[in-house]
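Coordinate analysis (summary)
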Protein chains: 2
Amino acid sequence: MPTIKEVAARAGVSVGTVSNVLSGLSTVSQDMRRRVEAAIQDLGYRPDHIARSLKTRRTQTLGMVISDIVNPFFADVIDGAQSAASEHGFTLSIINCRDSAELEKRAVETLCDRRVDGLLVVVSIERGCHEHLQLAIADGTPVVCLDREPLGIDVDTVTIDNVAAGQQAVEHLIATGHRVVAYVGGSASMYVPALRQQGYLAAMKAAGLRHILIETSFDRQGGRDGAARMLSRAKRPTAALCGNLQVALGLLQEMRSRGLSTPEDVAVATFDHFDWLDVFRPQLTSIVQPAYRIGYEGAQLLLRRVLGQLNDSAPQRLTLPTQLRIAESTAGFVGFQKT
Amino acid sequence: MPTIKEVAARAGVSVGTVSNVLSGLSTVSQDMRRRVEAAIQDLGYRPDHIARSLKTRRTQTLGMVISDIVNPFFADVIDGAQSAASEHGFTLSIINCRDSAELEKRAVETLCDRRVDGLLVVVSIERGCHEHLQLAIADGTPVVCLDREPLGIDVDTVTIDNVAAGQQAVEHLIATGHRVVAYVGGSASMYVPALRQQGYLAAMKAAGLRHILIETSFDRQGGRDGAARMLSRAKRPTAALCGNLQVALGLLQEMRSRGLSTPEDVAVATFDHFDWLDVFRPQLTSIVQPAYRIGYEGAQLLLRRVLGQLNDSAPQRLTLPTQLRIAESTAGFVGFQKT
DNA sequence: ATGAAAGCGCTAACAG
DNA sequence: CTGTTAGCGCTTTCAT
């Protein structure tokens, strides 16, 4: 690996000039520039990113702390963030935390030690303390939180309007004729489910209906458990809103194992949609989240902070639009009611 | 951010001693060690990873070049790699290339410029030239290829036995009574499909059956196209092996749109399985790949190279076992044949 | 066992 | 416009 010194020697110029050529400084004469470029070519020189970072205190690297990388939703988020980063010549260092607050804390520290220029973080789903984020920010590392809005901390966020989306979905259920509607999945102690519940509650209240909150874990098992509880109620719900797709899948699974189907027995709406869902029947009514954009806009925002284009303005709160996609799983309730 | 110098000053020792304490050198006296540790505590000192890297020429970072991050298969691979890396104090820098050879080349260069200690790469699906990998290796960056075994280059690989797996699946189809069996998805110009076809061909030949190779793109659209071609054949296949899950889903989608279902009209077996598939009917007969392990073992192997525990031994070729999971989509052909 | 000092490869003043 | 030089924060001889 040739160094800048060798390039300078070969081109018969000083290292400073080489450095200037590298950084595209216009004050370099055509002649010098050509000689330096030739030397770079000949030697196959590539600047040492590490050395540059040590001097400039910038790594051109964004840290990404993700709560659950195997959830396809977050795969899309990562994809978006990665694209935005690439466009700006930044690289992404990713750590998966499996929704563990402890791992999350360590991840933030690891990334800060490595002097990432900024941090994209999806905090663990359970509400908790976020002083590690606070510390990172205090140390001068900009942070943008994705998907979940941590409490008690002033930080840029890119999220969707979970309350409104949940409310809209439930309004749809109600408009379809349902009067006994449950919310399933996650609990009020979790960031995202808390809001989605809130939307559900608002819609139920507005319609003068009694709410049925079924709190469970926020995964497939939660969906199965929730279904079991929901179906054993004296007054069985005719419709349910699920907190995320994992929950919905678990719920459908449990329903099927009991010989029940949707929408005939229970109409189902859920947060999240992935294109492969189109393959299966019944198609699920779902709240489509702009996962890729959450990552893309998040990285974009972070990059603006990093590049100083947002000089300590107040924390930005970007809310991206969702789309309610009505499909078979909530169809045909009004008018005919199977038993 | 305090530096090692400030720690030294505060502890009243030399920076060399602090460095020794940091690296856990035993030659440091108890007394010194305590004083230094106290100073580190007081100041909240954290070693600068960049400066250390410049000196040691090691970044404790693995580069990961992935062909398609939103494919859940690769999400699992990444998860595995990330776990192994974390266990060894390494971080993962990930670049997504969307199966573009050009992006892949740039990604490798970017990562090498950043002096990653090693490279985990899933090469683009289309066969191509891999001199960028060759160069990286020549420059002293160990490379481990995952899932796909690039041709014409001596490199460590972690893969599955695609030929055997494909063959086994087709043998199952044949044993179930099928005589007209198609292979759908991908083409011989692609790394993975080429091998899966090979397995298919071997099984068909061994059974003395005529093969039906339907080459398409390696995605949902490919599955739809493949289904269209398959179903319009004079002698319509009664079974198909799909090259991956995307293809299988596309195929099922196209079948359904024509009012056909599996296994009644066409039995379907496919590579890939994800747990959410269990929710849907019919359950698909599938070849389960150890995606997480591919990533985990790959990173593990790379780390051994990086840490010099495999001193330029010959390239390792790790082949992980797959599992044929027989389910409804290939059930019940012998004995009763619906028309 | 500890300290002093020489860099790692680069950038950024500053001088000329 | 170009060259010189002093570090960035750390590790690592080499003396002591």
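Residues numbered from 1 in each chain as written. Chains lettered and ligands numbered in written order. Predicted model: local features only at pLDDT ≥ 70, side-chain atom pairs only at ≥ 80, totals over all residues. Heavy atoms only, no water.

Description of helix α10 (residues 220–231) of chain A
Residue and element names in this part refer to chain A. Over its 12 residues, α10 runs 16 Å from end to end, which matches the ideal 16 Å to within 8%, given 1.5 Å per residue. For α10, the full list of buried residues reads Arg220, Gly222, Gly223, Gly226, Ala227, Met230 and Leu231. Projected down its long axis, α10 shows its buried positions confined to an angular sector of 150°, all on one face. On its buried face, α10 sits against β6 (181–184), β7 (212–214), β8 (239–242) and α11 (245–257). (Helix = DSSP H or I, 4+ residues; strand = E, 2+ residues; numbered from the N terminus. Expected span 1.5 Å × (residues − 1). Buried < 20%, exposed > 50% of the residue type's maximum accessible area, 1.4 Å probe, protein only. Arc of directions from axis to C-beta. Contact = heavy atoms within 4.5 Å.)

Examining the pattern of salt bridges
Using the criterion set out here, one finds 32 salt bridges over all chains in the structure. A salt bridge links Glu102 of chain A to Arg106 of chain A; its shortest N-O distance comes to 3.2 Å. Here Glu102 of chain A pairs with Arg106 of chain A, and both are found in helix α6 (residues 101–113), just 4 residues apart, close to one helical turn. For Glu102 of chain A, a relative accessible area of 44% gives the class partly exposed. Residue Arg106 of chain A is classed as partly exposed on the basis of its relative accessible area, which comes to 45%. In the salt-bridge network here, residues are joined through shared partners; they are Asp48 of chain A together with Arg57 and Arg115 of chain B. (Salt bridge = Lys/Arg side-chain N within 4 Å of Asp/Glu carboxyl O.)

Topic: the packing of helix α1 (residues 4–11) of chain A against helix α2 (residues 15–22) of chain A
Residues and elements named next belong to chain A. Contact geometry for α1 and α2: axes closest at 8 Å, N-to-C directions at 105°. By the angle between their axes, α1 is roughly perpendicular relative to α2. Contact residues: Ile4, Lys5, Val7 and Ala8 in α1; Val15, Val18, Ser19 and Leu22 in α2. Residues belonging to the contact of α1 with α2 are distributed by class as follows: 6 nonpolar, 1 polar and 1 charged. (Axes fitted to C-alpha atoms, helices over the stretch in contact; angles between N-to-C directions. Parallel < 35°, antiparallel > 145°, perpendicular 65-115°, else oblique. Nonpolar A, V, L, I, M, F, W, Y, C, P; charged D, E, K, R; others polar.)

Quick word on the nonpolar core
One finds Met64 of chain A together with Met64 of chain B to be the most contacted residues of the largest nonpolar core, which totals 156 residues. In contact with Met64 of chain B, other than residues within four places in its own chain, are Val77, Ile78, Ala81, Leu92, Ser93, Ile94, Ile95, Leu111, Leu120 and Leu146 of chain B. (Core = buried A, V, L, I, M, F, W, Y, C linked by side-chain atoms within 4.5 Å.)

Quick word on the interface of chain A and chain B
Of the residues lining the interface, 50 residues belong to chain A; the matching set on chain B comes to 50 residues. Buried area between chain A and chain B, summed over both chains or domains, comes out near 4500 Å², and the portion from carbon and sulfur atoms is 54%. Here chain A and chain B share 8 salt bridges between them. For Arg115 of chain B, the salt bridge is made with Asp48 of chain A, and the minimal N-O distance between the two is 3.5 Å. Counting every contact that joins chain A to chain B gives 27 residue pairs in polar contact (both at pLDDT 80 or more). Those elements that provide at least two residues to the side of chain A that touches chain B are α4 (49–56), α5 (72–87), β2 (91–96), α6 and α11 of chain A. Examined bridge by bridge, β2 of chain A and strand β2 (residues 91–96) of chain B share 3 bridges and lie antiparallel to one another. Within β2 of chain B, the position partnered with Ser93 of chain A by the bridge is Ser93 of chain B. (Buried area = accessible area lost by both parts, 1.4 Å probe. Polar contact = N/O pair within 3.5 Å; in protein donor to acceptor, adjacent residues only side chain to side chain. Pairing = 2+ DSSP bridges.)

Comments concerning the domain arrangement of chain A
As assigned here, chain A comprises domain 1 (4–47), domain 2 (58–160 + 290–320) and domain 3 (162–288 + 324–330). In this structure, domain 1 of chain A and domain 3 of chain A have C-alpha centres spaced 63 Å apart. (Domains from an automatic or database assignment.)

Some remarks on the pairing of strand β5 (residues 156–160) of chain B
All names here are of chain B. With 5 of 5 residues buried, β5 is to be regarded as a mostly interior element. Of the two faces of β5, both are covered, the one formed by Asp156, Val158 and Ile160 as well as the one formed by Thr157 and Thr159. As paired strands, strand β4 (residues 143–146) and β5 are joined by 3 bridges and run parallel to one another. Following the sheet pairing, Leu146 is matched in β5 by Val158. Pairing analysis gives 4 bridges linking β5 to strand β11 (residues 317–320), with the strands arranged parallel.

A closer look at the protein's contact with DNA strand C
Within the structure, DNA strand C sits among 23 residues, and Ile4, Tyr45 and Arg52 of chain A together with Ser29 and Met32 of chain B are positioned closest to it. Atoms of DNA strand C within 4 Å of the protein belong to the sugar or the phosphate in 73% of instances, the rest to bases. Tyr45 of chain A is positioned such that a nitrogen or oxygen atom in its side chain is 2.4 Å from a phosphate oxygen of DNA strand C. Between DNA strand C and the protein, one listed contact pairs a phosphate oxygen with a side-chain N or O atom of Arg52 of chain A at 2.5 Å. At the level of elements, α2 and α4 of chain A together with α2 (15–22) and α4 (49–56) of chain B are the ones that each hand at least two residues to the surface near DNA strand C. Here the surface near DNA strand C gets 4 residues from one element, more than from any other, and that element is α4 of chain A. Considering only residue class, the surface near DNA strand C consists of 9 nonpolar, 9 polar and 5 charged. (Near = heavy atom within 4 Å.)

What to know about the pairing of strand β3 (residues 118–121) of chain A
Looking along a regular strand, one sees the side chains alternate between the two faces of the sheet. Residue and element names in this part refer to chain A. Residues Gly118 and Leu120 line one face of β3 and the alternating positions Leu119 and Val121 line the opposite face, and both faces are buried. Examined bridge by bridge, strand β1 (residues 61–66) and β3 share 4 bridges and lie parallel to one another. Following the sheet pairing, Gly63 is matched in β3 by Leu119. Here β3 runs beside strand β4 (residues 143–146); their pairing, made up of 3 bridges, is parallel. Bridge pairing in β4 links Leu119 to Val143. Note that the unit made of β3, helix α7 (residues 131–138) and β4 has a crossover that is right-handed. (Right-handed = clockwise from strand over helix to strand, strands pointing away.)

Comments concerning the environment of Leu320 of chain A
Residues and elements named next belong to chain A. For Leu320, the position within the fold is in strand β11 (residues 317–320). The class of Leu320 is buried, set by a relative accessible area of 5%. Ignoring anything within four residues of it in the chain, the contact list for Leu320 reads Val158, Thr159, Ile160, Asp161, Pro290, Arg293, Ile294 and Glu297.

Re the confidence of the model for chain A
Averaged over all residues, the pLDDT of chain A is 95; the fraction at 70 or higher stands at 98%. Here residues 335–339 of chain A scores under 50 on pLDDT; set against residues more than four positions off or in separate chains, the count is 2 contacts. (pLDDT = per-residue confidence, 0-100.)

Concerning the sheet that holds β1 of chain A
Pairing is mixed across the open sheet formed by 12 strands, whose spatial order is β11(A)-β5(A)-β4(A)-β3(A)-β1(A)-β2(A)-β2(B)-β1(B)-β3(B)-β4(B)-β5(B)-β11(B). Each edge of the open sheet carries a strand with a single partner, namely β11 of chain A together with β11 of chain B. Strand-to-strand twist in this sheet, taken as the mean axis angle between neighbours without regard to direction, amounts to 20°. Contacts from α7 of chain A reach β3 and β4 of chain A within the one sheet, and its direction differs from that of β4 of chain A by about 145°.

Here's the deal with the packing of helix α8 (residues 162–175) of chain B against helix α9 (residues 191–206) of chain B
Residues and elements named next belong to chain B. Viewed as axis vectors pointing N to C, α8 and α9 meet at an angle of 40°, and their least axial separation amounts to 7 Å. Judged by the inter-axis angle, α8 sits oblique to α9. Crossing hand, α8 versus α9: right-handed. For the pair α8 and α9, contact is made by Asn162, Val163, Gly166, Gln167, Val170, Glu171 and Ile174 and by Val192, Leu195, Arg196, Gln198, Gly199, Tyr200, Ala202, Ala203 and Met204, respectively. (Left-handed = near helix turned anticlockwise from the far one by under 90°.)

Section: α5 of chain A
Residues and elements named next belong to chain A. Its 16 residues give α5 an end-to-end C-alpha distance of 23 Å, which sits within 8% of 22 Å, the value for a rise of 1.5 Å per residue. By the N-cap criterion, in which a side-chain oxygen at the helix start approaches the backbone nitrogen of a residue two or three places on, α5 is capped by Asn71, the distance to Phe73 being 2.9 Å. Just beyond α5, the residue with positive phi is Gly89, at close to 75°.

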